[in-house]
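In case you want the letters, here they are:
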Amino acid sequence: MSTLRMAAVAAEFGRDLEEDFATVERLIKEARAADVRLLALPEACLGGYLLSLDDSAADEGPPALALDGPEIRRLADLAGELTVAAGYCEAGTDGRRYNSVVCVNGDGVLGNHRKVHQPLSEDASYSSGDRFHAFDTPVGRIGMMICYDKAFPESARALALDGAEIGVVVSAWPGSRTNAAADLVDDRWKRRFDLFDRARALENQIVWLSANQTGTFGSLRFVGSAKVVDPGGEILADTGVEAGLAIAELDVAQALRTARRSMGHLRDRRPETYTYAGAVSA
């Protein structure tokens, strides 16, 4: 049996890149000390998220970093033997800015994803990605997405159909903007965050790592709730609304085989029946 020790982070990040890198370095050291081999850091952990989702055009946003630039190389050097996913603002070669997540280890970039689904006014600050894809890493085949992407079942399904064994979603998911709960534990947007995590893991029968920001930034108050979910939708580890690392160990290949043994959700699909208004959707 070959097990993988993995962790999802709940932590606070801001605009100061040096402070962010200090936090990242501390978290990687904690993960390494706990024998973690796969670590998921939150959305926008390098440079912070947006100050508001109401009028993002008024926010200059985080610094844009090149995928092949010194900051991502620095992240890879910190990762070393670990496989690490981290969110950042990507300076595209097309001159556009993207809300992205990169996966690295000491050898360099293993994969990169640009956020496809943009909530509220986020499109005033970022251009949208246009695809979901899985990629091979030393710890298994991974598919990544960012925050609102997980509200769309097609996103995780596309990754699972591309062979992803582990879904990694990084978020800057805030509490409710209206009728906000005094205690984040009771927040309805936190409940949705948790529900999406469990549903995406269960419906695709894959392992699921969900990282999220904590604390406040601008007008946003983040719900934390980093977690590891097994292919049956059961939460193996969870930080709750506090900062921390949700750590779990699992034989990923065996967990997938067990979950899919009787009822294989990918195997039993009937794409030809998934129609609406005369159009066919696979």
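None of the values given here were measured: they were computed from a predicted structure. Throughout this description, residue numbers start from 1 for each chain and increase along the sequence as written. In view of the model being predicted, local features appear only for residues whose pLDDT reaches at least 70, and side-chain atom pairs are presented and counted only at 80 or more, with totals across whole chains, interfaces and linings using the full set of residues. Excluded from the side-chain calculations are hydrogens and water; all other atoms, namely the structure's heavy atoms, are used.

Asks: How should the overall build of the chain be read in this particular structure?
Replies: Counting from the N terminus, the helices are the DSSP runs of H or I reaching at least four residues and the strands are the DSSP runs of E reaching at least two. In terms of helices and strands, the chain carries five helices and 17 strands. Against the 2.2 N^0.38 benchmark of 19 Å for 282 residues, the chain shows a C-alpha radius of gyration of 18 Å, consistent with a compact globule. Each residue gets one of three labels from its accessible area relative to the maximum for its type: buried under 20%, exposed over 50%, partly exposed in between, using a 1.4 Å probe on protein chains only. Burial analysis of the chain (282 residues in total) assigns 55% to the buried set. A contact between two residues is defined here by any heavy atoms of the two lying within 4.5 Å. Counting only contacts in the chain whose residues sit at least 6 apart along the sequence, the fraction spanning at least 24 positions is 67%. Accessible surface area values rest on a Shrake-Rupley calculation with a 1.4 Å probe, where residue burial reflects the displayed protein chains alone. When the accessible surface of the chain is split by element, carbon and sulfur atoms take 50% of a total near 12,000 Å². By the counting scheme adopted, Arg and Lys are positive, Glu and Asp are negative, and His together with the chain ends is not counted. Positions of charges follow a simple convention, taking NZ of Lys, CZ of Arg, CG of Asp or CD of Glu. Placing the 31 positive and 42 negative side-chain charges of the chain at their respective mean positions leaves the two points 6 Å apart. In this treatment the radius of gyration is a C-alpha quantity, and the globule benchmark scales as 2.2 Å times the residue count to the 0.38 power.

Asks: Sorry if this is basic, but what is going on with unusual backbone geometry here?
Replies: If a residue is not glycine, its phi is most likely negative; likewise, a peptide bond is most likely trans. Despite not being glycine, D35 shows a phi value in the positive range, around 65°. Classification of D35 as exposed rests on a relative accessible area of 56%. Positive phi outside glycine occurs at N179, with the angle close to 50°. Locating N179 in the fold gives a position in the loop between β9 (166-171) and α4 (188-204). According to the relative accessible area criterion, N179 is exposed, its value standing at 72%.

Asks: Looking at this structure, how should I read the packing of helix α3 (residues 153-161) against α4?
Replies: To describe two helices that pack against each other, one gives the angle between their axes and the distance between the axes. As a packed pair, α3 and α4 sit with axes 10 Å apart at the nearest point and diverge in direction by 40°. Looking at the two axes, α3 sits oblique to α4. Remark: the crossing between α3 and α4 carries right-handed chirality. On α4, the residues that touch P153, A156, R157 and A160 of α3 are R200, E203 and N204. Lys, Arg, Asp and Glu make up the charged group, whereas Ala, Val, Leu, Ile, Met, Phe, Trp, Tyr, Cys and Pro make up the nonpolar group; the residues left over, Gly among them, are polar. Partitioning the contact of α3 with α4 into residue classes produces three nonpolar, one polar and three charged. Interaxial angles span 0 to 180 degrees and are taken between N-to-C directions of axes, which are lines fitted to C-alpha atoms, for helices over the stretch in contact. Should an angle fall under 35 degrees it is taken as roughly parallel, and over 145 as roughly antiparallel, whereas 65 to 115 is taken as roughly perpendicular and any remaining angle as oblique. The hand of a helix crossing depends on one turn: near helix anticlockwise from the far one by less than a right angle means left-handed, and clockwise means right-handed.

Asks: Help me understand the confidence of the model for the chain in this model?
Replies: For every residue, the predictor reports its confidence as pLDDT, a number between 0 and 100. Counting all residues, the mean pLDDT for the chain is 95, and 96% of those residues have values of 70 or more. Mean pLDDT across the elements of the chain bottoms out in strand β17 (residues 279-280) (56) and peaks in strand β2 (residues 38-40) (99).

Asks: I tried to follow the pairing of β9 on my own but got confused; where do I start?
Replies: On a regular strand, one side chain projects to one face of the sheet and the next to the other, so that they alternate. Counting buried residues along β9, six of its six residues qualify, which places the element largely inside the surrounding structure. Across the two faces of β9 the burial is the same, with I166, V168 and V170 and G167, V169 and S171 all buried. Strand pairing follows a simple DSSP-based rule, namely that at least 2 bridges must link the two strands. Where strand β8 (residues 140-146) lies against β9, five bridges are found, and the strand directions are parallel. Within β9, the position partnered with M144 by the bridge is V168. Once the chain exits β8 it traverses α3 before rejoining the sheet at β9, and the crossover so formed is right-handed. The pairing of β9 with strand β10 (residues 207-213) spans six bridges and is classified as parallel. Bridging from a neighbouring strand, G167 pairs with W208 of β10. By convention, orient the strands away from the viewer: a clockwise path from the first strand over the helix to the second makes the crossover right-handed. Handedness of the crossover joining β9 and β10 through α4: right-handed.

Asks: Sorry, what's going on with the environment of E154 here?
Replies: Tracing the sequence through the fold places E154 in helix α3. Take E154: its relative accessible area is 55%, and that puts it in the exposed class. Measuring from C-alpha to C-alpha, the distance between E154 and V109 comes to 25 Å, with 45 residues separating the pair along the chain.

Asks: Explanation requested: the side chain of T214 in the structure shown.
Replies: Relative to the helices and strands, T214 resides in the loop between β10 and β11 (216-217). Relative accessible area serves as the criterion here: at 6%, T214 is assigned to the buried category. A 3.5 Å cut-off defines polar contacts: any pair of N or O atoms within that distance qualifies, except that in protein one atom must be a possible hydrogen donor and the other a possible acceptor, and neighbouring residues in sequence count only when both atoms are side-chain atoms. Within the local environment of T214, its side chain forms a polar contact with the backbone nitrogen of E12, the two atoms lying 3.3 Å apart. Apart from residues no more than four positions distant in its own chain, T214 is found in contact with A10, A11, E12, F222, G224, V241, E242 and A243.

Asks: Any chance you could explain α4 here in plain terms?
Replies: Residues spaced three or four apart along an α-helix face the same direction, because each turn holds 3.6 residues. With 17 residues, α4 should reach 24 Å at 1.5 Å per residue; the first-to-last C-alpha distance of 24 Å fits that figure. Three or more residues of α4 are buried, namely W189, K190, F193, D194, D197, R200, A201 and N204. Summarising the axial view, the buried residues of α4 lie within an arc of 150°, below the 170-degree limit, and thus occupy one face. Turned more than 90 degrees away from the buried face of α4 sit R191 and L195, all of them exposed. By definition here, a helix of n residues has an expected span of 1.5 Å times n minus one. The arc in question is formed by the directions pointing from the helix axis toward the C-beta atoms.

Asks: Looking at this structure, I do not really get helix α5 (residues 252-260). What am I missing?
Replies: Looking only at α5, the buried set comprises V252, A255 and L256. Along the long axis of α5, the arc covered by the buried residues comes to 100°, so they all point the same way. For α5, the elements touching its buried residues are β1 (4-11), β9, β10 and β15 (244-250). Of the residues flanking the start of α5, the one acting as N-cap is D251, its side-chain oxygen 3.4 Å from the backbone nitrogen of A253.

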